[in-house]
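Topology and contacts: notes
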Amino acid sequence: MTRYIFITGGVVSSLGKGLGSAALGALLQARGYKVRLCKLDPYLNVDPGTMSPFQHGEVYVTDDGAETDLDLGHYERFTGVPARRHDNITTGQVYTEVLGKERRGDYLGATIQVIPHITNEIKDFIHEKEGTADFVLCEIGGTVGDIESLPFLEAIRQFGNEIGTSRALFIHVTLLPYIPAAGELKTKPTQHSVKELMSYGIRPQILLCRADRPISQDERKKIALFCNIDEEKVIPALDVKTIYEVPLSYHAEGLDCQVMNSFGLENTPDLDLSKWERIVRRIKEPEGAVRIAIVGKYTNLADSYKSLNEALIHGGIANKVSVELNFVEAEVFENADPLSYLQGIDGILVPGGFGQRGAEGKIRAVQFAREHKIPYFGICFGMQMAVIEAARNLCGLKNANSTEFGPCSEPVVGIMTEWLKEGEKEERSEKTGKGGTMRLGAYPASLRESSLVAKAYGSTDISERHRHRYEVNIAYREALEAQGLIFSGLSPDGKLPEIVELADHPWFIGVQFHPELKSKPFDPHPLFVSFIRAAIEQSRLV
Ligand code: GLN
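The next thing to look at is the packing of aromatic side chains. Evaluated as defined, the whole model comprises 18 aromatic pairs. For the pair Phe78 and Trp276, a centre-to-centre distance of 5.3 Å together with 20 degrees between the ring planes defines the contact as stacked. On the criterion of sequence distance, the pair formed by Phe78 in helix α3 (residues 71–79) and Trp276 in helix α11 (residues 274–284) is long-range, its members being 198 residues apart. For Phe78, a relative accessible area of 0% puts it in the buried group. A relative accessible area of 3% means that Trp276 is categorised as buried.

Our next topic: the site of the ligand. As a matter of local geometry, the ligand sits amid Gly352, Gly353, Phe354, Cys380, Phe381, Gln384, Glu404, Arg467, His468, Arg469, Tyr470 and His514. Here Gly353 contributes a backbone N or O atom positioned 2.9 Å from an oxygen atom of the ligand. Every element with two or more residues in the shell around the ligand is listed here: α15 (381–393) and β21 (461–468).

Another aspect to go through is a nonpolar patch on the surface. Together, Tyr95, Leu99, Val114 and Ile115 give the surface a local cluster of nonpolar side chains, amounting to about 340 Å² of exposed area. Elements with a minimum of two residues in the nonpolar patch: α4 (91–104) and α5 (114–127). Residue placement: Leu99 occurs in helix α4.

Strand order in the open sheet formed by 9 strands is β13-β12-β14-β15-β25-β24-β23-β20-β21, with mixed pairing between adjacent strands. Strands at the two margins of the open sheet, each flanked by one partner only, are β13 (322–329) and β21. Taken over all neighbouring pairs, the strand axes of this sheet differ in orientation by 25 degrees on average, direction set aside. Across 4 bridges, the pairing between strand β23 (residues 485–490) and strand β24 (residues 497–502) is antiparallel. Paired with Gly489 across the two strands is Ile499, which belongs to β24. Where helix α12 (residues 306–319) meets the sheet, it contacts β12 (289–296), β13, β14 (347–350) and β15 (376–379), and its direction lies at approximately 150 degrees from that of β13. The strands that helix α14 (residues 359–371) touches are β12, β14, β15, β24 and β25 (508–511); relative to β14, the one it contacts most, it runs at about 150 degrees.

Definitions and limits used
Residues numbered from 1 in each chain as written. Predicted model: local features only at pLDDT ≥ 70, side-chain atom pairs only at ≥ 80, totals over all residues. Heavy atoms only, no water. Phe/Tyr/Trp six-rings, centres within 6.5 Å; stacked < 30°, edge-to-face > 60°. Helix = DSSP H or I, 4+ residues; strand = E, 2+ residues; numbered from the N terminus. Buried < 20%, exposed > 50% of the residue type's maximum accessible area, 1.4 Å probe, protein only. Near = heavy atom within 4 Å. Polar contact = N/O pair within 3.5 Å; in protein donor to acceptor, adjacent residues only side chain to side chain. Patch = residues over 30% accessible without salt bridge, like charges linked within 9 Å, V, L, I, M, F, W, Y side chains within 5 Å. Areas by Shrake-Rupley, 256 points an atom, 1.4 Å probe, with all protein chains shown as cover. Salt bridge = Lys/Arg side-chain N within 4 Å of Asp/Glu carboxyl O. Pairing = 2+ DSSP bridges. Axes fitted to C-alpha atoms, helices over the stretch in contact; angles between N-to-C directions. Contact = heavy atoms within 4.5 Å.

And the structure:
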């Protein structure tokens, strides 16, 4: 029997609902249950793929090629369960589906309305998960009170009624702001938020209260009284040092116990959370430190590179070091000497990116890493920039560039017009629409024996997630390899370069895919483990 847990948010956004859901998922797993997490996003975009990282943070790509919300990354990192296309739905998708049915005549004769047509579509999405896990955790994006959220709240209310209280649980995440002048945490916004939720017919059974300091028993009592919730189900969710401490902290505050209790399930007192304790200990008590420069252009919004930041931390966990991330805006290198920004750095990473702004700066960062023999990790755009740098400065092709920035005479990186996906040909052109049309999702690659990457992976057959429209042009392979830039990973048909590495360099790797998406704290990605190890070696040289 599948039980459903709905997680809503109140008061303000960015309360860490996604992390909270992921942490609860991990705690239920530790109790031996099979979990599945999904996210319902009220915005109108069909998916976040067309949004700027500044708007919505990172786009998380699943193996089956969906561009999804970054919370799915938290779910996968915390539970190890690979996220799927059908774990994320948006208002845009719901309407596309309903309007498609209307045009086909599926509802002939009916007037199409938000209730029941839109809400039914949302409920179908939730129903689809039936039988796939013991617990399905559904996070509702946005904040209670948003106009866009209403159909989703109505849908989960109906869904909860239909399956009954023994199978549905509502958790509301709120904020208790601290007011220095009063010297206390304020409960009023939480009271209002619960009241709002109740006005939609949803009574939360558990409140997860975010606060920056301990919540007193009196305050918990007050919240319980005003919000009509059992006192022990008002759970403090205090700020912690590392996100990987969240499962431990929630467990200590009784969240998973109260979930068991709400469903009338047996409460095993001694949970084995040693896996999380080990990770937290490694993060809090490192035996050394390395400094990594991330040269990108969405550097002032940490969420833009969410999975990347985490994967680097995972590399640190594996090597028992802390990883200091220095974000450098690529454009600064267009006028300044990289040395002033990159002195004392143990590793340089150019992450994924789109568009011309900052590209020349990234190329200079690559050149600096190559010439100074500093470990370099180029991811997707970062690999493309590395190849352009080598083509210009090692092969003497001064006009080498990517056609992403316009026509050029040496298209070392060019648009992909066709490729194979699971044996079927995919075709694109410059004119193809922008939504969901990149090379997306998991693709296999074959690695060259005894290459640096093959050693890092411990294998010559890999599968990694992609999200790009342009590709390194295989026609330049011979010229580049003659100068030491080895094409050490290729698509199985040998047509698409997947990995390049420099022969005469301690650690210089560019990958066309996004390895950061699959890294987990308890299963760090081999390339990040290897990169951080190289950075440690570098730090010993300085
Ligand atoms: N803009 C590049 C492309 O579309 C790289 C994309 C990326 O880094 N994810 O190919």
